[in-house]
Amino acid sequence: MTDRLVGHGCCFVHGRLNSRNFDCFLLADFMTQDCRFNTSILHGKVSRGYAQRELLPPVSQVTSFQYENMEALENVFAHRAPGFAYTRIGNPTIAAFEQKICALEGGAGAICTGSGMAAVSSALLTICRSGDEIIAGSGLYGGTIRLLRNFEKLGIHTVFVPKLNAENVRAVISERTRVVFGELIGNPSLSVMDVPAVAAVAHEHAVPLVVDATTATPYLARPLALGADVVIHSTSKYMNGTGNAIGGMIVDGGKFNWDFSKHGALEEFSQYGKMAFSVRARTEICSNLGGCISPLNAYLSYVGVDTLGLRMERICENAAALAERLDQEKDITVNYLTLPHHPDHEFVERELNGYGGGILTIRVGSRERAFEVINSLRYVKIASNLGDIRTLVIHPASTLYRHNSKEEAEAAGVFEDTIRISVGIENKEDLIEDFLNAIGKSRHEQ
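A brief report on the enclosed structure follows. Remember, predicted model here, so these are calculated numbers, not experimental data. (Residues numbered from 1 in each chain as written. Predicted model: local features only at pLDDT ≥ 70, side-chain atom pairs only at ≥ 80, totals over all residues. Heavy atoms only, no water.)

### Let's talk about the overall build of the protein
Thought 1: In terms of helices and strands, the protein carries 16 helices and 14 strands.
Thought 2: Against the compact-globule benchmark of 22 Å for 446 residues, the protein has a radius of gyration of 22 Å, which places it among compact chains.
Thought 3: Counting only C-alpha atoms, the protein reaches 75 × 50 × 35 Å along its principal axes.
Thought 4: The 446 residues of the protein split such that 58% are buried.
Thought 5: A sequence separation of at least 24 residues applies to 71% of the contacts in the protein between residues at least 6 apart.
Thought 6: Accessible surface for the protein amounts to roughly 17,800 Å². Of this, 49% is attributable to carbon and sulfur atoms.
Thought 7: Of the charged side chains in the protein, 42 are positive and 50 negative, and the gap between their average positions amounts to 2 Å. (Helix = DSSP H or I, 4+ residues; strand = E, 2+ residues; numbered from the N terminus. Rg over C-alpha atoms; globule rule 2.2 N^0.38 Å. Buried < 20%, exposed > 50% of the residue type's maximum accessible area, 1.4 Å probe, protein only. Contact = heavy atoms within 4.5 Å. Areas by Shrake-Rupley, 256 points an atom, 1.4 Å probe, with all protein chains shown as cover. Lys, Arg positive; Asp, Glu negative; His and termini not counted. Charge placed at Lys NZ, Arg CZ, Asp CG, Glu CD.)

### Overview of empty space enclosed by the protein
To locate leftover empty space, one rolls a probe as large as a water molecule over the atoms.
Thought 1: Per the stated rule, a full pass over the model turns up two cavities of 30 Å³ or more.
Thought 2: Within this model, the second largest cavity holds a volume of roughly 30 Å³.
Thought 3: Lining the second largest cavity are I185, L190, T215, Y238, G356, G357, G358 and I359.
Thought 4: For the lining of the second largest cavity, the per-class residue count stands at four nonpolar, four polar and no charged. (1 Å grid on protein atoms, 1.4 Å probe; cavity = no way out; pocket = protein on both sides within 12 Å on 5 of 7 lines; lining within 4 Å. Points joined across faces, edges and corners; volume = space filled by probe spheres on them. Nonpolar A, V, L, I, M, F, W, Y, C, P; charged D, E, K, R; others polar.)

### A few points about the sheet that holds strand 10 (residues 333-335)
Thought 1: Here we have five strands laid out as an open sheet, ordered 10-11-14-13-12, and mixed in their pairing. Each of the sheet's edge strands pairs with one partner strand only, and the pair in question is strand 10 and strand 12 (381-382).
Thought 2: Where strand 13 (residues 392-394) and strand 14 (residues 418-422) come together, three bridges link them in antiparallel fashion. Paired with V393 across the two strands is I421, which belongs to strand 14.
Thought 3: Against the sheet, helix 14 (residues 367-376) makes contact with strand 12, strand 13 and strand 14, and its axis sits at roughly 30 degrees relative to strand 14, the strand it touches most. (Pairing = 2+ DSSP bridges. Axes fitted to C-alpha atoms, helices over the stretch in contact; angles between N-to-C directions.)

### Observations regarding the pattern of salt bridges
Thought 1: Going through the model one piece at a time under the given rule, you end up with 18 salt bridges.
Thought 2: Ionic pairing is found between E204 and R170, a salt bridge with its closest N-O pair at 2.9 Å. Taken as a pair, E204 in helix 7 (residues 195-204) and R170 in helix 6 (residues 166-172) lie far apart in primary sequence, 34 residues in all.
Thought 3: Its relative accessible area of 52% is what places E204 among the exposed residues.
Thought 4: Note that D331 and R369 form a salt bridge whose closest N and O atoms lie 3.0 Å from each other. On the criterion of sequence distance, the pair formed by D331 in the loop between helix 12 (308-326) and strand 10 and R369 in helix 14 is long-range, its members being 38 residues apart.
Thought 5: Its relative accessible area of 30% is what places D331 among the partly exposed residues.
Thought 6: Here R369 falls in the buried class, since its relative accessible area comes to 3%.
Thought 7: Each of R325, E329, D331, R369 and R443 takes part in a single network of salt bridges with overlapping partners. (Salt bridge = Lys/Arg side-chain N within 4 Å of Asp/Glu carboxyl O.)

Laid out in structure tokens, this is it:
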């Protein structure tokens, strides 16, 4: 690996930087978890991305950074010296957030974006160019499906498979395939990717596996350790946790052996070897497309991550309890991973640390009844986000998948009578009572 510094957002390959009041270390220094999850977030190597005099990273709410002389600024732009020049490209507060998530995922480099969709688009465009092909599971979030349809206009074709598993990937992978992409836990299908098996098939063909792990978070699973090459998060969801900041994150495992004759989009960055993806993503794709996060949003999400483990434990406990109780209602169909009849139940222990995540869906028989149930809830909020500390509910067919085809929606587990529930941290007894009352009321109104 080269010792040359790369990027002027404190994304560098070797060395240590002291920049004003911030200590930015080699990202690999953060990767070793020297204590358990919650302790590590607050006191371990995960938290050491800034000067230790502050308990939290200061908010560097500026557009640009001044230098004592032009030579110093030139060196930053020429990638000969680490530093920050312009917040669209890099910022100390954003860098602290990047390093924190990179450490949680066990990555070699991380890049923060303005949204989860910006993270997905930037990651895939870093790898692909016109004429290239993506393999993706059909049960994706509706916005991601529409994005991949948009890529067709750029000459990047996507082959959708019914379920992203080893067998289906092997059946369609070709010489044009440049990346395999899917969600670890489908939103809202709740299908689970067998990451080791899919990664093995992709790697047989010198193709990387990119995993959107938004709905899992590092508390449930670390896809890089399971065999994935790049992990994506919409940090607006569970990472932030309080619904006050949009953001996205790309984490590079730094272990994939890029074949630059095959991945022509990365050929100009071949000197960086296994870090070629990170360097191109930061210095070319993310920088030029301009989908940056604001320092304040990065700070709010950084603070949110401090309670990620506590929130996920409570959320998963609540979701499992709610699913188990609703599953007893004869006129309700419940979809949740810890239920024994879920088709991917085996992955709860194999990949998800024994948890089922914070999302469940229910089918209630009709669109009209779905609306009645939703409108009768007392505590639960009607909103299009997920991963909040508050329980949120939505009718995805009329909102999130409104602009998708019926076939695309149903492949993602979305039907006219489907309700998606993003479970929060309320007392589970109150949530169960609220849903049972709403469901009971809908029966009387039929």
